[in-house]
Structure formats: structure tokens, C-alpha cells
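# Observations on chain architecture
Below, each chain spelled out in residue letters.
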Amino acid sequence: MTDAQETAADLRTTTGGGPPDDVVSSSDGPPIPLLEPREGIPPVVADADALARVVAAFAAGTGPVAVDAERASGYRYGQRAYLVQLRREGAGSALIDPVGCPDLSALGEALSEAEWILHAATQDLPCLRDIGMVPTSLFDTELAGRLAGFPRVGLGAMVESVLGYALEKGHSAVDWSTRPLPEPWLRYAALDVELLVDLRDALEEELDRQGKLEWAHQEFAAIAAAPPAPPRKDPWRRTSGMHKVRRRRQMAVVRELWESRDRIAQRRDVSPGKVLGDAAIVEAALALPANAQALSALPGYGQRMGRRQLEQWMAAVDRAKALPESELPQPGATPAGPPPPRSWADKDPVAAARLSAARTAVSALAEELNLPQENLITPDTVRRLCWEPPQRLEADAVAQALAGYGARPWQVEQVTAALVTALAATA
């Protein structure tokens, strides 16, 4: 048993309704800094031969595999992985460069029967899927922490409170597309998977003690089975500050500037925000400048912007200004489902009363179960149920509606009775 596992074992002897706030007690002293991976920093795998050796080693390993990925958000276009970290019993740790090894499907296949341990899995799964790594089963240590009622569920906080170790901080937001990667960054990356297996084992014990392990299994299965998200329709509509833009001509300016920026960012492989900020796009849309000189006077188009860049953005504005009325974007389509809750009191006061009662019931139940409300049942599910409740306010009808909105069986079991009572009270 490793030191980390012994520390984790202390958690398994606790009693009570939730994880103790002081898993690492004052008598144990402060958390132990974790400064080096136990086998040292592994070499970065960046060619086919080295990758083949890693695939063979991890295929021969045993037990679950810890997986993490580093992206270059804020620096590069898109959300591709620039480093993949793994650890498995019998194989040790590995650091893989997806730039040198862009196809990791052989590794994904070698690990297809293993449980993958990730922290905040939904953040990493899309970029892992892009390089051929798709788990069939997983354990999400962040989600496990939420279900177990931990107040802080970041990886560092979880490792510290559960295992008694302090992970190195400070490199999570660096530009992981940098080559070669500095040694301190590689150390940080290797340490991110160093204790994931230990953390998983401790959290499984805690969830089992609280009677929530089956809940976690259902959540993990839903994440693993979820298909890739479809492309977002009209992504330009998500420009920050878009709520200020009311007129269709102004919307056309946002669309032209956003699409021009996206093409440039993709071609240069940089974050779109480094090409032109959202605030600058909205300023130009609201002002509808007559020429490049007027555009240069707006925030975001100052002296540091060259004439060629100004003319490029002004050309986009001019294209939008020249569009015929028939080609201007329409106001955003009303999203499927109920309207925003703030409008319910005017549109349907009875539905507003149902929502208030349901929210109160869910909040009380979540506190009783010691987990966040949004993990007990999603707010969107509650809104949909309250906007169009079943004709029969009985348990079977409400349970069927919840399942139809995607609630997992454990969620349906926990919240149905409370929601039936809340809906009936306002009928």
C-alpha cells in the first residue's frame, strides 16, 4: 500500500452523513507537497516507435487507467489536445505529444476494456475523441466529489482533502502548444495523473458509505454513452455583449466580423480573442462606422491596430451594411422549451408558483442528501416539468416525464415524491 493509499484509508473509517470537512486533520499536520512523480518525469512520446512501446506497456498493465489532457485554450484555435497524460498499474506514467502522434486510436483500443479515470471528464473527452481515444467506461473524480458532497471539487482540492497531498499549482493555464515543453510543465502534467487511481479508490469507498455509489455509476455511464455535441447553429450569436445588439443590420455586422475573425484565427491557429475581442465586435455593430477612421476611434480598434487590419474589419462592416433586407439575420429563434423563468410571472403565474415550490423542494432535498441541486436534478428539467406538468399529478406520471427529459433512474427515484407534493400544492 502506498502512502497515498494509507492516507485514503483514513477516509474510509469516517462516519456520518457526508465527507468530513477535515479529512486531513490538524493532528496529521499540513498537506504533504507532492513535488516529483514517483518514477520521475517520463520522456515525452512524440514518434511512432515510442508510441508503440507505450501502447504495449499500457495494454499489459492492470486495473483502471488515469487519463488527463492539456489544451491551449486562449492561445490556439479550437480545443485540441497538446499533451495526453496516462498512468496505470504495471505501466507507470506516460506523457504523449499529440502533435507528433496525432492518431492515438491504437492506444484507445488497447485500453478499451479498462475503466478510465478522469477529473471533469466532459472537459477532456471531446479533445481525446478527436485523437482516437474514447472510453467505454469511466470514473469522474470531480463528479464523484460533487455527489459525495465535497465543497471544493478541483483536482488539487480533492487530492489535498482526501489524500493529504498538495499538488503543484501554476501551470494549468499556460500555452501547452509550446515546444519543447519546459520541464516544470511536464512535472506538473505527470503529477496530475500520479494520484488519480488513489483518489478514485477513496471516493468509491466514500460514495459506497453514503449509499451513492450506484448514483455515480449511472452518471458515469451517461457521460461515456453521450454522443459528440452537434455543431452549434449560428455560433456568432454567442458573442459576449450580444444582448445590446437589437437591430438586424447591427446583427449582420456582428455576423460578418465574427466570421471574418474566425477565418483569420483558424488560418493563423490562434485564439479568436487574440485576433479581435468580442467587445470590439459589438462596438462596431452598435456604431455602424462610416469609414476606417471612424472605426479606429472605437474601443478595440486603437493605435496599435495597423491600417491593413482596420481596412479588413471595415470591409466586413461594409459587407453587412450593403446586404439587402432579405439577407439580414433574423432575431434569434426562440429556444425549445419553456421561456426564461423571469417572464413566468407575467406569462403564466400558476406555472411560476409551481416553479417556486419545486425549486424549494429540490433545494431542501439536495441539502438533505448533501449534494449540489444541479446534480440532484438539472434546473432545465425542473423548468420543463413545471411549465408543462403531466395532466395527472401522480408519481408514475411525474416519473415518466422526468425520465423523458433525460433524468437518470436514481434522480427520478429521489425527486419524484418531493416534486409531486410541490406540484399538487400549487394545483
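This one's a predicted model, so the numbers in the text were calculated from it and none came from an experiment.

## Quick notes on the packing of aromatic side chains
All told, the structure shown has five aromatic pairs when counted by the stated rule. With centroids separated by 4.5 Å and ring planes inclined at 10°, the aromatic side chains of W215 and W410 adopt a geometry described as stacked. In this pair, W215 is assigned in helix α9 (residues 213-225) and W410 in helix α20 (residues 409-425), connecting sequence segments 195 residues apart. Taken together, the ring pairs connect W176, W185 and Y188 into an aromatic cluster.

## Brief notes about the UniProt feature "domain: HRDC" (unreviewed entry) in the chain
As annotated in UniProt, the feature "domain: HRDC" (unreviewed entry) corresponds to residues 247-327 in the numbering used here. For residues 247-327, helix accounts for 69% and strand for 0%, while the C-alpha atoms at its two ends are 13 Å apart.

## Quick notes on the pattern of salt bridges
This model, assessed by the stated rule, comprises 25 salt bridges. Between R392 and D396 there is a salt bridge, and its shortest N-O distance comes to 3.3 Å. Taking the relative accessible area as the measure of exposure, R392 reaches 42% and is therefore partly exposed. Exposure remark for D396: the relative accessible area of 47% places this residue in the partly exposed category.

## Re the pairing of strand β5 (residues 92-96)
Moving residue by residue along a regular strand, the side chains alternate between the two faces of the sheet. By the criterion of burial, β5 is predominantly enclosed, with five of the five residues buried. Relative to β5, strand β2 (residues 44-45) is paired through two bridges, and the arrangement is parallel. What sits directly across from V44, in β5, is L95. Taken together, the five bridges between strand β4 (residues 81-89) and β5 define a ladder with antiparallel strand orientation. Bridge pairing in β5 places R88 opposite G92.

Rules behind the numbers
Residues numbered from 1 in each chain as written. Predicted model: local features only at pLDDT ≥ 70, side-chain atom pairs only at ≥ 80, totals over all residues. Heavy atoms only, no water. Phe/Tyr/Trp six-rings, centres within 6.5 Å; stacked < 30°, edge-to-face > 60°. Helix = DSSP H or I, 4+ residues; strand = E, 2+ residues; numbered from the N terminus. UniProt positions renumbered as here; feature names shortened; annotations may be inferred. Salt bridge = Lys/Arg side-chain N within 4 Å of Asp/Glu carboxyl O. Buried < 20%, exposed > 50% of the residue type's maximum accessible area, 1.4 Å probe, protein only. Pairing = 2+ DSSP bridges.

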